[in-house]
Amino acid sequence: SQLHPDDRTRWHEEFAETVATGEPFQSVYRFIARDGREVWVHGEAHVVRDEDGRPLFLQGVAFDISGMKQAEANLKALNTILERRVAERTAEVEARSRELARSNQALDQFGYVAAHDLREPLRTMKSYIQKLAKEYQDRLDPAAEGYITRTVNAAVRMEALIRDLLAY
């Protein structure tokens, strides 16, 4: 009568198996304590028989494992919470990753457009300065030739900077 109603049928089947086969009984089940608490036990027993092999009594022991069962329930609840949190964080990371990929794609596109838009006027300036140098080479004084050389060199450096920035 003290066996938990949900465990009675199973307990009786296992106990009947022990009596019928002589195999030791070992099971986890619940009792209802006098104060109404549910008490988990791990029971082990064997049947003591008379000289003719008839069962006389059940000899065994039952250990209160309620604390262990409570710890298992707490652990299971914590694992459920942890699994939910991991799933939430994974979804957040995946969303951020998708957003970062979109942002990087937009940044790449911007970089290509900006590089093209910066290179074209730079090429034009460099080309006209080189034409001026060629057209007026014998009419330019050394200072003017120095300005032209420095301007062309600066344009070459600027092209390299734009190329390197785009690569970066």
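Keep in mind that this is a model prediction, so the values were computed, not measured.

Conventions and cut-offs
- Residues numbered from 1 in each chain as written.
- Predicted model: local features only at pLDDT ≥ 70, side-chain atom pairs only at ≥ 80, totals over all residues.
- Heavy atoms only, no water.
- Core = buried A, V, L, I, M, F, W, Y, C linked by side-chain atoms within 4.5 Å.
- Buried < 20%, exposed > 50% of the residue type's maximum accessible area, 1.4 Å probe, protein only.
- Helix = DSSP H or I, 4+ residues; strand = E, 2+ residues; numbered from the N terminus.
- Contact = heavy atoms within 4.5 Å.
- 1 Å grid on protein atoms, 1.4 Å probe; cavity = no way out; pocket = protein on both sides within 12 Å on 5 of 7 lines; lining within 4 Å.
- Points joined across faces, edges and corners; volume = space filled by probe spheres on them.

Draft legend 1. A look at the nonpolar core. Grouped together as the largest cluster of nonpolar side chains are eight residues: Leu3, Trp11, Phe25, Tyr29, Ala33, Val39, Val41 and Ala45. Those elements giving two or more residues to this core turn out to be strand S1 (25-32) and strand S2 (38-49). Ranked by residue count, the leading element in this core is S2, at three residues. When residues no more than four places from it in sequence are discounted, the contact partners of Leu3 are Arg8, Trp11, His12, Tyr29, Arg30 and Phe31.

Draft legend 2. The arrangement of the layout of surface pockets in detail. Estimated volume of the largest pocket: approximately 340 Å³. Among the elements of the structure, helix H2 (66-135) and helix H3 (142-167) are those that each provide at least two residues to the lining of the largest pocket. Considering every element that reaches the lining of the largest pocket, the biggest residue donor is H2, with nine residues.

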